[in-house]
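Per-entry structural report
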Amino acid sequence: MASFIERICLYRVLVLSVFLSITQAVDRSNFKTCDQSAFCSRQRAMKPGQSSYTALLETLELSDSHLTVQLLNNNNKVLLLLELYRLQGNMTRVKINELKPIKPRYEVPDVLITDPPTELMSVVAQDEHRVVLSLGGEDWRLILSAQPFRLDIMEGPQVLLSLNSRGLLAFEQLRIRKDTKSQTDTEEAGEKQDTEKHDKEKVSEGEEEAEEEVDQPGMWEETFKTHADTKPNGPSSISLDFSLPGVEHVYGIPEHADGLRLKNTDGGDPYRLYNLDVFQYELFNPMALYGAVPVLLSHNTHRTMGLFWLNAAETWVDVSSGQGSSEVPQTDVRWISESGIIDVFIMLGPRPNDVFTQYSSLTGTQAFPPLSSLAYHQCRWNYNDQEDVSAVDQGFDEHDIPYDFIWLDIEHTDGKRYFTWDNNKFPQPKEMLQGLLDKRRKMVTIVDPHIKVDSSYKIHTEIRSRGYYIKNKDGGDYEGWCWPGNAGYPDFTNPEMRKWWASMFAYDQYEGSMENLYTWNDMNEPSVFNGPEVTMHKDALHGPWEHRDIHNLYGFYVQMATAEGQIQRSGGLERPFVLTRAFFAGSQRYGAVWTGDNAAEWGHLKMSIPMCLSLGLVGISFCGADVGGFFKTPSAELLVRWYQAGAYQPFFRAHAHLDTPRREPWLFGPDNTALIREAVRQRYTLLPYWYLQFYHAQRTGQPVMRPLWVEYPEDIATFSIDNEFLIGRDLLVHPVTDERSSGVTAYLPGNGEVWYDVHTFQRHAGAQNLSIPVTMSSIPVFQRGGSIICRKNRVRRSSSCMENDPYTLYVALDSQGNAEGEIYIDDGHTFKHKTDKQFIHRRLSYTANSLSSSDLSPDSQFPTASWVEQVNILGAQKPDAVTLTATDGGESSVEFEFDPDTAVLTLRKPGVNAGVNWTLHLR
């Protein structure tokens, strides 16, 4: 009994500490700096200089697929194996591992969508000092230098990238701890060392004897606050440096609450990649957050390149900017990981879109979401009960504000037991879901990966009986504290566990669920309230691997299993929608992410832009931030401005903390309700355009929300802009993110291009900073001249209700009087676009005073009731007549009117089906 009371008290203290922490900014003392992380401190103590590694060229072997060569550490005589691959699509892969480790080192599985196809690599020249390899074409070369070891990738005489040019390659080999060896261990180790010594002598005669390696603090155990890390395998960290001559701008390696362009980390902490549950994170800080994507992009006016460091352990990234040896700007990047191997993909571009294509060929593209998930989502922690859900749902109808999803947080469950409902608050979940379904709306419930330890809870007993929990260092089930109290953590790295988890989403397993119920995976870093840094102990075990090896993969696997569960429950027919907080490279294949526990502050509104831009650059397009801020209480002005910004970001969800006052859109007075309504309605009118962008993202890997430099790679003025962005190529958005703002200055890129204000249709020249006066109703958005954008201007209560509604085309003419665009239509929710080619994809083209629609996918077909009810041509001249030529060849006149003040020509009711060929002639 005393033990039970003590545990309850501990739980209350832990929960209280969590709630107290949310009243102020993050307590940084809960999270390590590099100096407090033993491996980071050790590695960072290394200073640039001549590398201790030599490439033993006499061991070089070249096959059709790759090259191998041994690397000798001249200090300790340990041999590494270097593997080089020339990959299809202008990429190079570099792998470095111990030649003869005493046990296997972790290599990340499941992230790559396939074994990357290779291309022939040939030796162009070789001597005792170096080997020159062809990477295709006459100008592309890879130079492997032997002493000291170094790799250079060249295009003609230009060095594009150098590896280990600063001599910071470091590889802590696995070894047996000296003071704990048994006699048998000692004998076995001695035999192994004798063998290795003999091998080394064969390849390195005349070398000095190995230096005695001295153990440093933190190598074999480490303590942070009250938490001990036993490190049974000892030190195993790795490090490697890359130099980028001619580069001043680097981006990526999310997730951090920092600007788009990565900063110089000299004199401060490196950027940290280690998935953590961070309450109310600080801004402009390189500390780790919820997700980690180890991908960095470099960009200058000539070339864009990428580095993908495939390692799931805790990783730190140093960025140093300065000048190279010839006074050319240079950026040096150093990666440091706690364990695993070096496995890096060098993506050589040369254009931004090439890098996106290269990276997506490795890890996949953004999952094509259901159309409804691109609409507006209403959430808070928590809607109290079924009556509350019904009242909020009705409130949207009463105030004529559309929405598609309402969300339930942890309080909807029976005592934080996921896959359950609180019988008192939600006694009839199917009735609740059916009520939403009748309005063509949907719900999301939270399903977290910490499982309440309770012998009467089916999910727990099944996982325990099957042995699917993560184990502690002693082999028992790992347990920690989270929302339910004492909790177990399923081992999602186990395919059998993922398969079982997916089966729990079946309608006969997840009682009360229906086809319009979707899922939110939170706390999946994993969050452990009483763990080190609020996460799992690194010496916990996933089968043969320590948690330190796989930490950043955990959330990736949780979302993978959940998405598969949604697909399976529909018999493979329906596309899933799963939101995750923790993520890794490849998470884009399984759904959406959001930027976590932000705050109702203007700085957090501003930061939502570079945070989502950074995610888009590394493949995760479906990103958003909690509208209004999760913590604290927004002013009416801040809330309105956040809705206006959120309406133009990929994932559009309002969310709020349990202790904040209610903030449904109609609770701030009629004037603010009207402003929010208008922002949400703008989102709904643009859903056809958003859907088209996600269709392209899942085909090509191009980001939906993108920095200006992606489309204007030679315009230096765009390289550091992160307060405005593009949606696709054709919409430029500059949200108002300052309090009491009376104006903003937007940069309109493109020398010789034109941009049209989407609200006033006023035309502006590109390549200028445009001063824009703003009021509370202003959302500065511009359409690129030369584009055609499809909208649905009849806004209804949900996106599904607009399925068969007509389109209005906005044709924005460029300076030559031309424009083009696309329209994409399918059923909005199934995989039939892929399995049965049931979709419409058409090109819209305006040239020589004619607007036409032609089929981009003649072998597909899909019936649509939608038609074109209006065409607005921006930058037009008044015609004498307009005629329509339809599929049957018949010709009819079309009504039109021309506004000379705005130069907008409006064609009314062409009346053609959106899925057929037609041409409008302006005479």
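Preceding this paragraph is the structure being described.
Residues numbered from 1 in each chain as written. Predicted model: local features only at pLDDT ≥ 70, side-chain atom pairs only at ≥ 80, totals over all residues. Heavy atoms only, no water.

Structural notes on the packing of aromatic side chains
- Throughout the structure, instances matching the rule amount to 47 aromatic pairs.
- On the basis of an interplanar angle of 50 degrees and a centroid distance of 6.0 Å, the ring pair of Tyr376 and Phe396 is categorised as tilted. Here Tyr376, found in strand E21 (residues 376-378), pairs with Phe396, found in helix H5 (residues 386-398); they are 20 residues apart in sequence, far enough to count as distant. Residue Tyr376 shares its accessibility class with Phe396, and that shared class is buried.
- When the ring of Tyr643 is compared with that of Phe652, the centres are 6.2 Å apart and the planes differ by 80 degrees; the resulting orientation is edge-to-face.
- Residue classification places Tyr643 among the buried positions, given a relative accessible area of 0%.
- Given the relative accessible area of 0%, Phe652 is considered buried. (Phe/Tyr/Trp six-rings, centres within 6.5 Å; stacked < 30°, edge-to-face > 60°. Helix = DSSP H or I, 4+ residues; strand = E, 2+ residues; numbered from the N terminus. Buried < 20%, exposed > 50% of the residue type's maximum accessible area, 1.4 Å probe, protein only.)

With respect to unusual backbone geometry
- The omega torsion across Pro254 and Glu255 is 25 degrees, close enough to zero to call that bond cis.
- Relative to the elements of secondary structure, Glu255 occurs in the loop between strand E14 (249-252) and strand E15 (271-273).
- With an omega of 5 degrees, the peptide bond between Trp381 and Asn382 qualifies as cis.
- Considering the arrangement of structural elements, one finds Asn382 in the loop between E21 and H5.

A look at the state of the cysteines
- All chains considered together, the criterion is met by 2 disulfides.
- With a sulfur-sulfur separation of 2.0 Å, Cys34 is cross-linked through a disulfide to Cys40. When the S-S torsion is -100 degrees, as for the bridge of Cys34 with Cys40, the disulfide is left-handed.
- We classify Cys34 as buried; its relative accessible area is 0%.
- With a sulfur-sulfur separation of 2.1 Å, Cys612 is cross-linked through a disulfide to Cys623. (Disulfide = S-S within 2.5 Å.)

Describing the packing of helix H11 (residues 602-617) against helix H12 (residues 636-646)
- Following both chains from N to C, one finds H11 and H12 inclined at 5 degrees, their axes separated by 10 Å at the closest point. It follows that H11 is roughly parallel to H12 by the angle criterion. Contacts from Trp602, His604 and Leu605 in H11 reach Glu637, Leu638, Arg641, Trp642 and Ala645 in H12.
- Looking at side-chain class alone, the contact of H11 with H12 contains 5 nonpolar, 1 polar and 2 charged residues. (Axes fitted to C-alpha atoms, helices over the stretch in contact; angles between N-to-C directions. Parallel < 35°, antiparallel > 145°, perpendicular 65-115°, else oblique. Contact = heavy atoms within 4.5 Å. Nonpolar A, V, L, I, M, F, W, Y, C, P; charged D, E, K, R; others polar.)

What about the pattern of salt bridges?
- According to the stated counting rule, one finds 56 salt bridges in the structure shown.
- For Arg105, the salt bridge identified is with Glu98, shortest N-O distance 2.8 Å. For the pair shown, Arg105 and Glu98 are each scored as buried.
- A salt bridge links Arg166 to Asp332, with the nearest nitrogen and oxygen atoms 3.8 Å apart. Separated by 166 residues along the polypeptide, Arg166 in the loop between strand E9 (158-163) and strand E10 (170-171) and Asp332 in strand E19 (residues 329-337) bring together distant segments of the chain.
- With relative accessibility at 21%, the residue Arg166 sits in the partly exposed group.
- Using a relative accessible area of 12% as the deciding quantity, one classes Asp332 as buried.
- Salt bridges sharing common partners tie together Asp229, Arg272, Glu314, Glu338, Glu533, Lys538, Glu546 and Arg548. (Salt bridge = Lys/Arg side-chain N within 4 Å of Asp/Glu carboxyl O.)

A short note on helix H13 (residues 670-685)
- For H13, spanning 16 residues, the distance from its first C-alpha to its last is 22 Å, which sits close to the expected 22 Å at 1.5 Å a residue.
- Of the residues making up H13, those classed as buried are Asn672, Thr673, Leu675, Ile676, Ala679, Val680, Gln682, Arg683, Tyr684 and Thr685.
- Contacts made by the buried residues of H13 are with E21, H12, strand E33 (652-654), helix H14 (687-700) and strand E42 (787-791). (Expected span 1.5 Å × (residues − 1).)

A word on the sheet that holds strand E25 (residues 479-482)
- With antiparallel pairing, the 3 strands of this open sheet are ordered in space as E24-E26-E25. The two strands at the open ends of the sheet, each matched to only one other strand, are strand E24 (451-452) and E25.
- Alignment of E25 against strand E26 (residues 485-488), held across 4 bridges, turns out to be antiparallel. Within E26, the position partnered with Trp481 by the bridge is Asn486. (Pairing = 2+ DSSP bridges.)

Here's the deal with the sheet that holds strand E16 (residues 295-299)
- Here we have 8 strands laid out as an open sheet, ordered E1-E2-E3-E4-E20-E17-E16-E14, and antiparallel in their pairing. What marks the edges here is a single partner per strand, and that holds for strand E1 (53-62) and E14. In this sheet, neighbouring strand axes are inclined to one another by 20 degrees on average, regardless of whether the strands run parallel or antiparallel.
- Sheet topology places strand E2 (residues 66-73) next to strand E3 (residues 79-87); 7 bridges connect them, and they run antiparallel. Following the sheet pairing, Leu71 is matched in E3 by Leu80.
- Lying on the sheet, helix H4 (residues 352-363) is in contact with E3, strand E4 (91-98), E16, strand E17 (304-309) and strand E20 (342-347); it crosses E17 at an angle near 25 degrees.

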